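Now for the letters of each chain:
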Amino acid sequence: MSSSSQAQGIPIPPAGDLFATLHASCAQLAKANNININLANAKTFLSSTLTPELYADRVAHSFHPLPLRFDSQIDHINLLAVRALLNFGSGYRAELKQLTGRGAWDNIQFLVLAMHLDAHPLDAQRMHSVTASELAMLANVPTHIDAPSPIAGVTVSEPSPLVPFLNLLAQTLNDTGKILLDRGFMSLGQFVMSTIGQSRSAATLVAALASTFPAFRDVASLPGAPDKPVYLLKKAQFLAMDLYFSLPNVQAVHWVDIADVGIPSDNVIPSVLVHLGILELPADFLPSSHDVGPITVSFEKMAALRAASVHAVKEMTPMLQYEPKFTVVLGSVIWAWAKVGDNRAKIPRLTLKDTCMF
């Protein structure tokens, strides 16, 4: 697998080949790790568990419109783009829930809205200069907690377990802001608009984001073969999906290739597919004894699980009996289904810290 430094040397395919290469590479990584897709279990889920009513409901609630009015279209696109950039932190979900009462996605949503409403414009300069302490205040995330001391009844202040998460947020914003400034862009939204032009191609946007910004370069490689890349590109594809469904009246983001976009594979969709028996893993792939608490896995295994999920959901899409029959929509529906009723409590959550990809 590739480390973050190695990832920078992995070329991103040209837009015309991007999605086909992405899906093929994910299938190869799943096969290399002996992860199989149980199509019978997939069919059962799609035909019985996923009723027409549930599918329609999940489609309606799978996308995330912003509860705001914008002065301009580019301001709207900019906020969606920054939200996609920061759409990570799943490895800190337990700590976030404990200390803020919100999960990773809700904390990112809270932070992005706070930054938008702040006195400072959410432009490249602001991204480049913002600090972890400022982000903590905006998101209302504690940087210190009270901990027991050796003296009975006395507590001491110590750094919050969320400090690494805050630092990762700040580094991601700082690095992305610097690249934007170096290239002459005033905001991430301006970069997005200048990239897509009149192409109406999601692949053009995804390829440009992954080629330009390390925080969007979500890639791995086949075991023992660093020259054979695997493309996951979760956040870039999430943004493409988000633009398509959030801005239905904007022709520039009404992608002609929306049916080819892969799922934004994080930790939730693999957790669901393993739980449902749709992904069949080698016997020793995960810890043999675990409850419904988080299951910490290595970068290599998480990449394999995420890639297998991309492949599995693409294979499941032709089985869909309902519209729209888009792979990216089915992935979002599965993600949302994991949070319905008591599903959230029953599904062991795969987790990995110290990544800005999911």
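Scroll up for the structure.
Residues numbered from 1 in each chain as written. Predicted model: local features only at pLDDT ≥ 70, side-chain atom pairs only at ≥ 80, totals over all residues. Heavy atoms only, no water.

Which parts of the structure should I look at to understand the environment of H116?
Tracing the backbone through its elements, the reader meets H116 in helix 7 (residues 104–117). Residue classification places H116 among the partly exposed residues on the basis of a relative accessible area of 28%. Residues H116 and D75 lie 41 residues apart in sequence; the distance between their C-alpha atoms is 9.3 Å. Ignoring sequence-local partners within four residues, the contact set of H116 consists of L68, F70 and L79. (Helix = DSSP H or I, 4+ residues; strand = E, 2+ residues; numbered from the N terminus. Buried < 20%, exposed > 50% of the residue type's maximum accessible area, 1.4 Å probe, protein only. Contact = heavy atoms within 4.5 Å.)

Help me understand the pattern of salt bridges, please; the structure alone is not making it clear to me.
Working definition: two side chains of opposite charge can pair if their charged atoms are close together. One pass over the full model with this rule turns up six salt bridges. Two residues, D182 and K178, come together in a salt bridge whose shortest N-O distance is 2.8 Å. Highlighted residues: D182 and K178, both in helix 10 (residues 163–182), separated by four residues, approximately one helical turn. When its relative accessible area of 42% is taken as the criterion, K178 is described as partly exposed. Close ionic contact of D218 with R306 constitutes a salt bridge, the shortest N to O distance being 2.5 Å. Of this pair, D218 sits in the loop between helix 12 (202–212) and strand 4 (219–222) while R306 is found in helix 15 (residues 299–316), placing the two residues 88 residues apart along the sequence. Residues D218 and R306 agree in their burial class; the two are buried. A single network of salt bridges, built from pairs that share partners, joins D118, R126 and E134. (Salt bridge = Lys/Arg side-chain N within 4 Å of Asp/Glu carboxyl O.)

Any chance you could explain the nonpolar core here in plain terms?
Most often, soluble globular proteins keep nonpolar side chains buried together rather than apart. Residues L86, L169, L173, L239, L243, W255 and I334 are the most contacted members of the largest nonpolar core, which totals 133 residues. Among the elements that make up this core, the one with the highest residue count is helix 15 (10 residues). Ignoring sequence-local partners within four residues, the contact set of W255 consists of I196, R200, S201, A202, L205, A240, L243 and Y244. (Core = buried A, V, L, I, M, F, W, Y, C linked by side-chain atoms within 4.5 Å.)

So what exactly am I meant to see when it comes to the packing of aromatic side chains here?
One pair of aromatic rings is described through two measures. These are the centre distance and the angle between the planes. Following the criterion strictly, the structure yields nine aromatic pairs and no others. Ring geometry for F191 against F213: centres 4.9 Å apart, planes inclined by 75 degrees, an arrangement best described as edge-to-face. On the criterion of sequence distance, the pair formed by F191 in helix 11 (residues 188–196) and F213 in the loop between helix 12 and strand 4 is long-range, its members being 22 residues apart. The exposure class of F191 is buried, given its relative accessible area of 5%. The interplanar angle of 65 degrees and the centroid separation of 6.3 Å between the aromatic rings of F213 and F216 together place this pair among those described as edge-to-face. Overall, the relative accessible area of 1% leaves F213 in the buried class. (Phe/Tyr/Trp six-rings, centres within 6.5 Å; stacked < 30°, edge-to-face > 60°.)

Please clarify how the state of the cysteines should be interpreted in this entry.
The term disulfide refers to a covalent linkage connecting the sulfur atoms of a pair of cysteines. Across all of its chains, the model carries zero disulfides by this definition. Here C26 is not cross-linked by a disulfide; its sulfur's nearest cysteine counterpart is in C356, at 18 Å. Of the residues examined, C26 reaches a relative accessible area of 0% and is grouped as buried. (Disulfide = S-S within 2.5 Å.)

Help me understand helix 15, please; the structure alone is not making it clear to me.
Side chains that are three or four residues apart share a direction in an α-helix, a result of its 3.6 residues per turn. Over its 18 residues, helix 15 runs 25 Å from end to end, which matches the ideal 26 Å to within 8%, given 1.5 Å per residue. Listed as buried for helix 15 are M302, A303, A304, L305, R306, A307, A308, S309, V310, A312, V313 and M316. (Expected span 1.5 Å × (residues − 1).)

In this structure, what is going on with unusual backbone geometry? I would like to understand it.
Residue P324 follows E323 across a cis peptide bond; omega there is 0 degrees. As for its placement among the helices and strands, P324 is situated in the loop between helix 15 and helix 16 (327–337). Positive phi, close to 55 degrees, is recorded for N34, a residue that is not glycine. Mapping N34 onto the fold places it in the loop between helix 2 (15–32) and strand 1 (36–37).

Which parts of the structure should I look at to understand the pairing of strand 5 (residues 225–231)?
Regular strands place side chains that alternate from one sheet face to the opposite one. As paired strands, strand 4 and strand 5 are joined by four bridges and run antiparallel to one another. Each bridged residue has a counterpart across the sheet, and for S221 the counterpart in strand 5 is P229. Counting the residues between successive antiparallel strands, the hairpin from strand 4 to strand 5 contains two residues, one of them, G224, with a positive phi of roughly 70 degrees. (Pairing = 2+ DSSP bridges.)

Quick question: what am I supposed to make of the packing of helix 2 against helix 12 here?
Each pair of packed helices can be summarised by the angle the axes make with each other and by the distance between the axes. Contact geometry for helix 2 and helix 12: axes closest at 8 Å, N-to-C directions at 85 degrees. Judged by the inter-axis angle, helix 2 sits roughly perpendicular to helix 12. Together, A15, L18 and F19 of helix 2 and A202, A203, T204, V206 and A207 of helix 12 make up the contact between the two elements. Residue composition of the contact of helix 2 with helix 12, by class: seven nonpolar, one polar and no charged. (Axes fitted to C-alpha atoms, helices over the stretch in contact; angles between N-to-C directions. Parallel < 35°, antiparallel > 145°, perpendicular 65-115°, else oblique. Nonpolar A, V, L, I, M, F, W, Y, C, P; charged D, E, K, R; others polar.)

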